[in-house]
Each structure stands twice: as C-alpha cells, then as structure tokens.
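Read off the chains here:
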Amino acid sequence: MRKTILKMMAVALAALAMSAEGEACTNVIVTRGATRDGSVLVSYAADSHYLFGELYYKPARDWKAGSMLPVYDWDTHRYLGEIEQVPHTYQTVGNMNEFQVIITETTWGGRPELEDKKGGIDYGSLIYIALQRAKSAREAIDIIVDLANTYGYASEGETFSIADKNEAWIMEIIGKGMNIKNGVNTQKGIVWVAMRIPDGAICAHANQARIGKFPLDDPDNCLYAPDVISFARRKGYFEGLDSEFSFKKAYAPIDFGTVRGCDARVWAAYNILTDGWFSFYDENGKAVTRDAYNYLDYVLGNDLNGDLPLFVYPRKKAGVKEIADVMRDHYEGTPMDMTQDIGAGGNALPYRWRPMEFSFDGKTYVNERAIATQQTGFWMVGQARNYVPDVVGGILWFGTDDAATSYLTPIYTSTTKVPECFREGNGDLLHYSPTCSFWLNNRISNACYKMYNVMAPHVRAKIDAFEWDQTERKTHSVDSMAVILYNQVAIKMQQKLASKGDVMISRTPFAKVVKYVTDYTVKTAQDQFAAWQNLEVELLVKFMDGNVKPQNEDGSFKHSEYTEGQPAKIEQPGYTEIWKETVAQEHGELIRVPEQ
C-alpha cells in the first residue's frame, strides 16, 4: 500500500511539474453578452521556458495549384512533413486573422498512450494554419478536425479557444495512439468535442481538460467526433450509458497536480470576474449560484471528487482591461496568495522559481502556479467586434514576457507592418537585442523581482495609465476615423456599381483604412517601447541599493537644496512583516539588539 501511495504521489507531482515547466498556458474566453461593448474577448498567455515573445505575421496570399506547405512542430521546430496548400490564405497577425477569428490553446497531456509519434501536424500548426484558412469559428473547428485526421496529430491533449466576432467555442482534442502496419499508423486522427459558450457566459482553461458531459443532440451548441464515446469504450476508458460520458474523465483523468497546478487558475479567473460567486446552469438545467470558496477544497487538491463549472455568468460586464488584469493574477487575496509566506522573501515576490516541487525533511511540497508567471513568451487579449467592418474590427492586444509587469498594445489585425519591437527574428532566447520588446520587458520584470512590493506597483501604475487610455479613449478615436474612411470608399463603390453595373474594383479598395490603422499600430507600439526604455532607466535610478528616491509629479527626481546631483531625503522601505518574523525566529538570538 505504501509503495502504491508513493507511486501515485510521484505521478501527481510529475503532472504538476509538466504543467508548469512545459507549455503551461492560461486562456479566458468572454462572450459578447459578457462584455461592455459587445465584443468577443479571448486572453492567452503562451507560457514556456523555451518560447520567445514575438509577433507572428503572415500576409494574405494566393498559391499555385500543387503547392505544398512544410510543417514544423511549434514547440521544438522539428520538421514534420508537408501538407497540401489551399489556393488562398488569409492574413494572420499573432493568434488572430483578418476576419477576426481567434484561436489560442492550453496543453494538458492526457493519456500518453494516445500520442501519435508519426503524426504530421502538431497543435501549434493546427492553430496558425486554421487561422490562414477560416472565416469563422465553426469553419476553424472543421479545418482543425480535417487536418488532424488527414495528416495525423503529433501532440498531446489540447484545449483550444476558438472565437469570431459573433460567438466563442471551447474545443478539446486528443490523438488515438499508434497501430503501425507497413510503416503507416492505421489509427491516426483525433477524438474531440467542441462546445459553444452561451452568450453572456465566460469560460477558462489552464492545461487541464474542461469538458465533461455534453449534449449528444444539439449541433448548434455542441459538436464532437462520431467515435468519441465508442473509442473510449474500446480502450477501456469508459463504461456506462452514452448520456453519462465525460470527455475529461475518459481522456484526461485528474490528479493532485492537474487540479492544484491547473484548475486552480481557472478558479482564480472565475473568482475575479464573478466577484466570488459562481452562477451557472447544472446538468439538469437548473440555475445555481455558489460561493467560490465552496470549491476551495477541490482546487487545493484536498478533495478530488469536486469539479468546476465549464461556464459561469459574471455579475458585471468586463472589457479588455479587466481581462488583461486577470492575466496578472498571483492568487492575491486568496489562501494561495503567493506574497504571504516566507517563500516571497522580504519583498513579497509572487513567484517561485522552478522546479515545481521541493523536498525537505522527508516531505514534498509544491510551489504555486498562478496565472501570471515568469516564463511567459508572449500574451494577448484578442478582441473581435461585429459592429465595425473586419478591416477595423479585429484588435490583438499584444505583449511579451511576464504579464504582471508588461503592457498590452493594440495591433489592428489588418495591419500590413509589424512593429520592430515585436518583429520575428529580432533577437531570440540566446541572442539579446536592444530593440526587442521581449528583452526589454524581461529586464524590467527581473529588476522588479528584487524589490517587488515596492517596484512592481510603480510599473503597474504606468501600465494602467497606458492601457486605460488605449482601451477607453484612443482606439475609440481611431475606430471612428477608420470607419469614416471605410464608409467613404464603400459609398463610392456602391455608386460605381449602380451607374456602370459590374465593374472592376481595386484588389485593395480600403487601402487608406489599412494604412491608417497600420500607422497607428506601429507608432503606438514603438512609442510605448521607447517609454519603457525610459522606464527601465527610471527604475535603475529610483530603486538603487534598496533605496527609493522621491520624485516630483512630472517624474523628475527631487534633489537636495544644495545640489541637483544628490537626491532629497530617500526612503528605505525595508522588509515585510512575515520576513521579519521568520528571521527573528530563526536567527534572532544572534542578531537581537540587547535591551537598554
């Protein structure tokens, strides 16, 4: 029995470590009815110790008949083979395309025996190829299924967020393993299920399968592989009535690691966006509202019989800024708050360096894995809007490195240029570039790590000022002008058609609109990059050697009455109370000052 328990613990901790050290990402999906402006929002943190933060860009293009597309594994860059190219591909900017389709992901592994090591297409390629070919979320689902079944799926279990300007879906897939005959896998392909998120609801996923039971006769809201249940029966993963089938229980059984390291992040996102009250419909269609803390035993891994609702209805509507701030969470204000124990050091650092567990005195402990993390490559909030034309509607709010100390800047998805600070090839994980956003944000985040409770709030104030200004004011102005330019062209086109019938129209009739939003995209990103370069210098000067130098309202430093080269009275904030208490208990006899 003891050996069995130890083995189970080892498996659980291995799962936790994999979720944090591999492609451990977080997504939040917000439907139109849950946003203030009626847009669809999808957030994504691409977290990996091996991922560099840059903005992928593919312009629309026509292809000759017979063209082939080489496929490389997104994580490792390993060549997987070639697939047939389509006649025309759409423009993509990061994880959005010109029709405002958004696709993001989190990896959950699942049953290792279902991985296809001969598969010809990985999860990352499915995302970026589908974006080049899909005009809607439903079309993207069909394309992903067709590609994986045709060429073989080369990755582990995966959850996709798939959205467009009208609706949002959560889709989960896993391979079927291998049955090699004459060098060919006769069992290639995927089992999968996709559910539409009800309007007004939100959904989140974080490296653990989320779809349990699903309706078998509601194609408007649920799509699935015809053999998703029968395959599970054949593999021995499920027994019972079809109506009782749970995708995640069959293909991604939970353990301590997947709950504590993954589902806990979903709980955190829900807790923030619902003000601590989860409202949803249960399996019987009954409206339920529960205190978020009713789920605490589950997300702490103490009671694995619990579960989280797939969708919840927030108590108030959110915008881009609120969703961006969810991605900055470290469990603040909850029992998992990473700033409230001695592991945070003397300055409340909400991070724990990897590995995900440590041993002491014969016992093993875990380091929390929050939504915000140090190993983020890039992160984003995709915004799709059906109330403005596609050439204006899609905005990818894009950032790099640690979300808690980096900003999001608007990238209109019709842009024809990528800002230099985000350009692919401008640096990588082994080659530093002074003009690269990822490296600049990494310098700032690492600077904050030394005095986090003092420095990070200073940086966050700068982030908040920029993001609120962009999300609530400046992009609204850009939208208005871009729509005016769009309408001017549209009216002229209608007049030509009315007077001359079917006439040849320019291939890029809205070139002025595209140029306008492109110029704004590039200038805003580069101006903010320059502001962040100045911020790095300010941090260096202001927070030197544990001191804090005072500043005037205009940002200049206060100096002494005798010279401009010497600061006015500095502050020395010292350490947190938990640090003082721990040091006093552990080392107090040696360093205690005698009473007078």
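In case you missed it, the structure is sitting above this.
Just so we're clear, the structure is a prediction, and the values are computed from it rather than from any experiment.

Cut-offs and rules
- Residues numbered from 1 in each chain as written.
- Predicted model: local features only at pLDDT ≥ 70, side-chain atom pairs only at ≥ 80, totals over all residues.
- Heavy atoms only, no water.
- Helix = DSSP H or I, 4+ residues; strand = E, 2+ residues; numbered from the N terminus.
- Rg over C-alpha atoms; globule rule 2.2 N^0.38 Å.
- Buried < 20%, exposed > 50% of the residue type's maximum accessible area, 1.4 Å probe, protein only.
- Contact = heavy atoms within 4.5 Å.
- Areas by Shrake-Rupley, 256 points an atom, 1.4 Å probe, with all protein chains shown as cover.
- Lys, Arg positive; Asp, Glu negative; His and termini not counted.
- Charge placed at Lys NZ, Arg CZ, Asp CG, Glu CD.
- Core = buried A, V, L, I, M, F, W, Y, C linked by side-chain atoms within 4.5 Å.
- Pairing = 2+ DSSP bridges.
- Axes fitted to C-alpha atoms, helices over the stretch in contact; angles between N-to-C directions.
- Phe/Tyr/Trp six-rings, centres within 6.5 Å; stacked < 30°, edge-to-face > 60°.
- Patch = residues over 30% accessible without salt bridge, like charges linked within 9 Å, V, L, I, M, F, W, Y side chains within 5 Å.
- Salt bridge = Lys/Arg side-chain N within 4 Å of Asp/Glu carboxyl O.
- Parallel < 35°, antiparallel > 145°, perpendicular 65-115°, else oblique.
- Left-handed = near helix turned anticlockwise from the far one by under 90°.

K.L.:
Could you give an account of the overall build of the chain, with specific residues and numbers?
P.N.:
Along the chain, the regular secondary structure elements total 13 helices and 24 strands. Relative to the 2.2 N^0.38 estimate, which gives 25 Å for 596 residues, the radius of gyration of the chain is 26 Å and therefore close to what a compact globule would have. For the chain, the C-alpha atoms occupy an extent of roughly 95 × 75 × 50 Å along the three principal directions. Scored against the burial criterion, the 596 residues of the chain give a buried share of 54%. Long-range contacts, defined as pairs at least 24 residues apart, comprise 72% of the intrachain contacts of the chain with a sequence gap of at least 6. Entry remark: accessible area of the chain is about 27500 Å², with carbon and sulfur atoms responsible for 53%. The chain carries 62 positive and 77 negative side-chain charges, and their two centres are separated by 4 Å.

K.L.:
Tell me about the nonpolar core, and please be specific about residues and values.
P.N.:
In terms of nonpolar packing, the biggest core is built from 164 residues, with Phe160, Met171, Phe245, Tyr251 and Trp267 touching the most fellow members. The biggest single contributor to this core is helix α11 (residues 452-500), with 11 residues.

K.L.:
Mind laying out the side chain of Asp116, listing which residues take part and the relevant values?
P.N.:
Relative to the assigned elements, Asp116 resides in the loop between β10 (102-109) and α2 (123-133). Contacts of Asp116, omitting those with residues within four sequence positions, involve Gly152, Tyr153, Ala154, Gly177, Met178, Asn185 and Lys188.

K.L.:
Which residues make up the pairing of strand β18 (residues 277-281), and what are the values?
P.N.:
In this sheet, strand β19 (residues 287-291) lies alongside β18 in antiparallel orientation, the contact comprising 5 bridges. Across the sheet, residue Ser279 finds its bridge partner in β19, namely Thr289. Turn length for the β18-β19 hairpin, with the two strands adjacent in sequence and antiparallel, is 5 residues, and the turn residue Gly285 shows positive phi of about 80°.

K.L.:
Describe the environment of Val30, and please don't skip the residues or the numbers.
P.N.:
Inspection of the secondary structure puts Val30 in strand β1 (residues 26-30). When the C-alpha positions of Val30 and Asp218 are compared, they lie 22 Å apart, and in sequence the two are 188 residues distant. Those residues in contact with Val30 that sit more than four places away from it in its chain are Thr35, Ser39, Val40, Leu41, Ala201, Ile202 and Ile323.

K.L.:
Summarise the sheet that holds strand β22 (residues 376-384); cite the residues concerned and give the values.
P.N.:
The 6 strands lie next to each other as β16-β1-β2-β22-β23-β24, forming an open sheet whose pairing is antiparallel. The sheet terminates laterally at β16 (202-205) and β24 (409-412), the two strands that pair on one side only. Along the sheet, successive strands turn relative to each other by an average axial angle of 15°, direction set aside. Pairing analysis gives 5 bridges linking β1 to strand β2 (residues 40-47), with the strands arranged antiparallel. When the bridges of β2 are listed, Asn27 appears paired with Tyr44. Across the sheet, helix α6 (residues 256-273) is in contact with β1 and β16; its angle to β16 comes to roughly 155°.

K.L.:
Explain the packing of aromatic side chains residue by residue, including any values.
P.N.:
Tallying each qualifying case throughout the model produces 33 aromatic pairs. For the pair Tyr351 and Tyr452, a centre-to-centre distance of 6.0 Å together with 80° between the ring planes defines the contact as edge-to-face. Residue Tyr351 is found in the loop between α8 (320-326) and β20 (357-360), and its partner Tyr452 is found in helix α11; the two are separated by 101 residues along the sequence. Side by side, Tyr351 and Tyr452 carry an identical accessibility label, which is buried. Seen in terms of ring centroids, Tyr407 and Phe466 are 5.8 Å apart; in terms of plane orientation they differ by 75°. Their pairing is edge-to-face. You can see Tyr407 sitting in the loop between β23 (395-400) and β24 and its partner Phe466 sitting in helix α11, a full 59 residues away along the chain. Accessibility expressed as a relative area gives 2% for Tyr407, which makes it buried. Phe466 gets classed as buried once you look at its relative accessible area, which sits at 12%.

K.L.:
Go over a nonpolar patch on the surface, please, and point to the residues and values.
P.N.:
On the surface, Tyr50, Leu429 and Leu430 cluster together into a nonpolar patch covering about 400 Å² of accessible area. By secondary structure assignment, the location of Tyr50 is in the loop between β2 and β3 (57-58).

K.L.:
Got a sec to walk through the pairing of β16? Specific residues and values, please.
P.N.:
The alternating pattern of β16 places Ile202 and Ala204 on one face and Cys203 and His205 on the opposite face, and all of these are buried. Of the strand pairs in this sheet, β1 and β16 are connected by 4 bridges, and their pairing is antiparallel. The partner of Val28 across the bridge, within β16, is Ala204.

K.L.:
Quick one: what's the story with the packing of helix α10 (residues 437-449) against helix α12 (residues 511-542), residue by residue and with numbers?
P.N.:
Two elements in contact, α10 and α12, have axes separated by 10 Å at closest approach and are oriented at 25°. The angle between the axes of α10 and α12 places the two elements in the roughly parallel class. Considering how the two elements wind past one another, α10 and α12 form a crossing that is left-handed. Counted together, Ser437, Leu440, Asn441, Arg443 and Ile444 of α10 and Phe529, Trp532, Gln533, Leu535, Glu536 and Leu539 of α12 form the full contact between these two elements.

K.L.:
Kindly report on unusual backbone geometry, identifying the contributing residues and their values.
P.N.:
Of note, the amide linkage connecting Arg354 to Pro355 takes the cis form, showing an omega dihedral of 15°. With respect to the helices, strands and loops of the structure, Pro355 is situated in the loop between α8 and β20. Non-glycine residue Gln100 carries a positive phi angle of around 70°. Of note, Gln100 is situated in the loop between β9 (96-97) and β10. Despite not being glycine, Asp545 has its phi angle at roughly 60°, a positive value. Positionally, Asp545 belongs in the loop between α12 and α13 (577-591).

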